[in-house]
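Examining the three-dimensional arrangement
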Amino acid sequence: MMNLVVEIGNTALKAASCEENTIGKCFRYQGEKKTEYIKWLAEDIKPSVMVVASVYDLEKKDISMMESVCGHLIIIDPSHKEILMENEIPECLSADRASLIIAARSMFSGKPCTIIDYGTIISIDFVGADGKYEKGYLSPGLNTRLKSLNRYSRNLPLASLDNNNEDDVLNTSIIEGVSLGIMFETQAYLDSKPENMAVFTGGDANYFANKMKNSIFVIWNLVLMGLALIAHEYEKRLLQ
């Protein structure tokens, strides 16, 4: 049976079809009509189980629509924390961080992990060898820092990795200064738990992994993998 997993983040919507716990085709949408896009995906895939994880509360009308286009719906948002409780994850964590932890537990079973998600916000989470959540931190992401420099200064431009030209001294100095700050910060977290597996994910994961001295696993769709595991576990319960 085919399932559908959806992550509604701060910047974009990411989704994937999945069979059992294996990710299939992935999708990305950055626009205002997120629920319409989810409906379009679900009507095409016809999922047995659909898991939707959102950084903000989903409206009742949107949940009703989602229920109508799938066999079974699982919602993870600030008002729906049941999955976190079942997996012994603190309720204060967001749905995407919970999914990262669930995925890392499965992929690196029996090994401690430091999971760093380089998105709009950088999240740093530590998981013990026993799978228990230990602690975590939050920090502004790369583009969030670049936008802040532009917004709160009088003369600094909005620097971008896409437009990083070595001849543009100011743009390069901003990019390198912000990137080095994140690298130093990252290295401190890795050094605090040198025995841990280092797992990077998120849009800027490859950029920073290539600059670090540590051996690092880069898994860009780790959140979707965690949601696929949730869908598969629920599916197994239905078949019991």
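Let me sum up the structure you'll find in this document. Note that the coordinates shown come from a computational prediction; the quantities given were computed from them, not determined experimentally.

Turning to the pairing of strand E8 (residues 133-140), a few remarks are in order. Looking at chain direction, strand E7 (residues 121-127) and E8 are connected through 7 bridges and run antiparallel. Bridge assignment links Ile122 to a residue of E8, and that residue is Ser139. The hairpin turn running from E7 into E8, its antiparallel successor, is 5 residues long, and Gly131 in that turn takes a positive phi close to 85°.

Relative orientation of the contacting elements helix H1 (residues 34-45) and helix H2 (residues 60-68) amounts to 10°, with a least axis distance of 10 Å. Compared by their axis directions, H1 and H2 come out roughly parallel. On the side of H1, the interface is formed by Thr35, Ile38 and Lys39, while H2 contributes Asp62, Met65 and Met66. In terms of residue class, the contact of H1 with H2 is made up of 3 nonpolar, 1 polar and 2 charged.

This brings us to the packing of helix H4 (residues 95-107) against helix H8 (residues 222-239). The N-to-C vectors of H4 and H8 enclose an angle of 75°; their axes lie 7 Å apart at closest approach. Considering the angle they form, H4 stands roughly perpendicular to H8. For the pair H4 and H8, the contacting residues are Asp96, Ser99, Leu100, Ile102, Ala103, Ser106 and Met107 in the first and Leu222, Val223, Met225, Gly226, Leu227, Leu229 and Ile230 in the second. Tallied by class, residues from the contact of H4 with H8 come to 10 nonpolar, 3 polar and 1 charged.

Before going further, it helps to examine the packing of aromatic side chains. The tally for this structure, following the rule as stated, stands at 8 aromatic pairs. Judged by centre distance (5.0 Å) and plane angle (65°), the ring pair of Tyr118 and Phe200 falls under edge-to-face. With Tyr118 in strand E6 (residues 113-118) and Phe200 in strand E9 (residues 197-201), this residue pair connects regions lying 82 residues apart in the sequence. Both residues of the pair, Tyr118 and Phe200, belong to the buried class. Ring centres 4.9 Å apart and planes at 20° place the aromatic pair Tyr118 and Phe208 in the stacked group. In this pair, Tyr118 sits in strand E6 while Phe208 sits in helix H7 (residues 205-209), placing the two residues 90 residues apart along the sequence. With relative accessibility at 1%, the residue Tyr118 sits in the buried group. Of the aromatic side chains, those joined through ring pairs into one cluster are Tyr118, Phe200, Tyr207 and Phe208.

The sheet built from 5 strands is open, its strands ordered E8-E7-E6-E9-E10 with mixed pairing. Looking at the sheet topology across the chains shown, the edges are occupied by E8 and strand E10 (216-218). On average, each strand axis in the sheet is tilted by 20° relative to the strand beside it, whichever way the strands run.

It is worth spelling out the sheet that holds strand E4 (residues 49-54) at this point. Read from one edge to the other, the open sheet built from 5 strands follows the order E3-E2-E1-E4-E5, with strand pairing classed as mixed. Pairing within the sheet leaves two strands with one partner each, and these edge strands are strand E3 (22-29) and strand E5 (72-76). On average, adjacent strands in this sheet sit at an angle of 15° to one another, irrespective of strand direction. Sitting on the sheet, H2 touches E4 and E5, and the angle it makes with E5 is about 145°.

Between the first and last C-alpha of H4 there are 18 Å, a value that for 13 residues agrees with the 18 Å anticipated at 1.5 Å per step. Taking burial as the measure, the 13 residues of H4 include 10 buried ones, the bulk of the element. Taken as a whole, H4 has its buried residues at Ala95, Asp96, Arg97, Ala98, Ser99, Leu100, Ile101, Ile102, Ala103 and Ala104.

On to the pairing of E5. Looking at chain direction, E4 and E5 are connected through 5 bridges and run parallel. The partner of Val51 across the bridge, within E5, is Ile74. Taken together, E4, H2 and E5 form a β-α-β motif whose crossover is right-handed.

Definitions and cut-offs
Residue positions are given per chain, counted from 1 along the sequence in the order it is written. This being a predicted model, a pLDDT of at least 70 is required before a residue's local features are given, and a value of 80 or more before pairs of side-chain atoms are given or counted; all residues contribute to the totals for chains, interfaces and linings. Note that water and hydrogens are dropped before the side-chain values are worked out from all heavy atoms of the structure. Between any two strands, at least two bridges found by DSSP are needed for them to pair. Think of it this way: any DSSP run of H or I at least four residues long counts as a helix, any run of E at least two long counts as a strand, and we number them from the N terminus. An axis is simply a line fitted to the C-alpha atoms; with a helix, the fit covers only the stretch in contact. Between two such axes, the angle follows the N-to-C directions and lies from 0 to 180 degrees. Angle categories: roughly parallel below 35 degrees, roughly antiparallel above 145, roughly perpendicular from 65 to 115, and oblique for all the rest. It only takes one pair of heavy atoms within 4.5 Å for two residues to be counted as in contact. Polar here means any residue outside two lists: the nonpolar Ala, Val, Leu, Ile, Met, Phe, Trp, Tyr, Cys and Pro, and the charged Asp, Glu, Lys and Arg; Gly therefore counts as polar. Working definition: a ring pair exists when centres of Phe, Tyr or Trp rings (six-membered ring for Trp) sit within 6.5 Å. Plane angles under 30 degrees give stacked, over 60 give edge-to-face, the rest tilted. Type-normalised accessible area, obtained with a 1.4 Å probe on protein chains alone, sets the label of each residue: buried when under 20%, exposed when over 50%, and partly exposed for intermediate values. In a helix, the anticipated span is given by 1.5 Å times the number of residues less one. A clockwise course of the path from the first strand over the helix to the second, judged with the strands pointing away from the viewer, identifies a crossover as right-handed.

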